[in-house]
Amino acid sequence: MANTDAPFGFIPYGQLLGANWYPVATAYGTAIFVGDWVEITNTGLVCKIFDGETRMGVEIDATGAAGDELGAVLAILDHNGDPVKYLPASSAGDGVVAGYVLVADHPLQTYLVQEDGAGTPIAAASVGLNVAMISTHSGSTTTGRSKQEIDSDSVNTTNTLALRIVQSYKDDTVGSAYCRWIVMPNPNAHFKSSATAI
């Protein structure tokens, strides 16, 4: 059966191992959707979250290159703590924080994600290699769902990529465009967060 071109971002696969709330800086220039892959921001935003702990802010991993990777967005709140479908780009919030995102941030969490279908499809022999995420399509403002994918042309042995390929999804045809894969954060790139269970 042919694989379907229907990107949906990153969805935790199997048991959810842990999640934490993180702030998004005011006027952050990219919209954030449920299922987006995020990393620790380099803008220096640090603030207290609902549990009283101080945390660094997050941003979309725009390049797919290894950095301070966290994981996938599970839920989004505006700066008042009210649920929203997505956080629009350049949201002012309260002047410090635009909103908050709940992130599946455990370093061993696995995720289901679709490959982008550009270039050569990911081969079965790529299990264990690293891969970048890619934001070719913007998320849906109607559903609030991400449309991020993994970049099939980026598969490599280097540790300069954000994700590691764990296995193919059982219902898809490997070696064909738009196959879904199970991935996890590249162990060499994951930010050392508290990674506590929700």
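Residues numbered from 1 in each chain as written. Predicted model: local features only at pLDDT ≥ 70, side-chain atom pairs only at ≥ 80, totals over all residues. Heavy atoms only, no water.

K.L.:
Lay out unusual backbone geometry in plain terms, naming residues and giving numbers.
P.N.:
In this structure, Ala 27 is a non-glycine residue whose phi angle is positive, near 65 degrees. Tracing the chain through its elements places Ala 27 in the loop between strand 2 (20-25) and strand 3 (32-33). Of the residues examined, Ala 27 reaches a relative accessible area of 48% and is grouped as partly exposed. Backbone geometry places Tyr 178, a non-glycine residue, at a positive phi of 70 degrees. (Helix = DSSP H or I, 4+ residues; strand = E, 2+ residues; numbered from the N terminus. Buried < 20%, exposed > 50% of the residue type's maximum accessible area, 1.4 Å probe, protein only.)

K.L.:
So what's going on with the confidence of the model for the protein? Residues and values would help.
P.N.:
Of all residues in the protein, 96% have pLDDT values of 70 or greater, and the mean over the chain is 91. Taken as a whole, residues 194-198 scores under 50 in pLDDT and shows 17 contacts with residues more than four places along the chain or in a different chain. (pLDDT = per-residue confidence, 0-100. Contact = heavy atoms within 4.5 Å.)

K.L.:
Which residues make up the packing of aromatic side chains, and what are the values?
P.N.:
The final tally for this structure, using the stated rule, is seven aromatic pairs. Ring centres of Phe 10 and Trp 37 lie 5.1 Å apart, and the angle between their planes is 50 degrees; on these two criteria the pair is classed as tilted. Note that Phe 10 is positioned in the segment before strand 1 (11-13) and Trp 37 in strand 4 (residues 37-40), a separation of 27 residues in sequence. One exposure class covers both Phe 10 and Trp 37, and it is buried. Their ring planes at 10 degrees and their centres at 5.1 Å tell us that Phe 33 and Tyr 86 sit as a pair that is stacked. (Phe/Tyr/Trp six-rings, centres within 6.5 Å; stacked < 30°, edge-to-face > 60°.)

K.L.:
Outline the pattern of salt bridges, supporting the account with residue identities and numerical values.
P.N.:
Here the structure, examined in full by the defined rule, presents three salt bridges. The salt bridge involving Arg 55 is made with Glu 53; its shortest N-O contact spans 2.8 Å. We classify Glu 53 as partly exposed; its relative accessible area is 38%. A salt bridge links Asp 172 to Arg 180, with the nearest nitrogen and oxygen atoms 2.7 Å apart. The exposure class assigned to Asp 172 is buried, which follows from its relative accessible area of 14%. Residue Arg 180 is classed as partly exposed on the basis of its relative accessible area, which comes to 25%. (Salt bridge = Lys/Arg side-chain N within 4 Å of Asp/Glu carboxyl O.)

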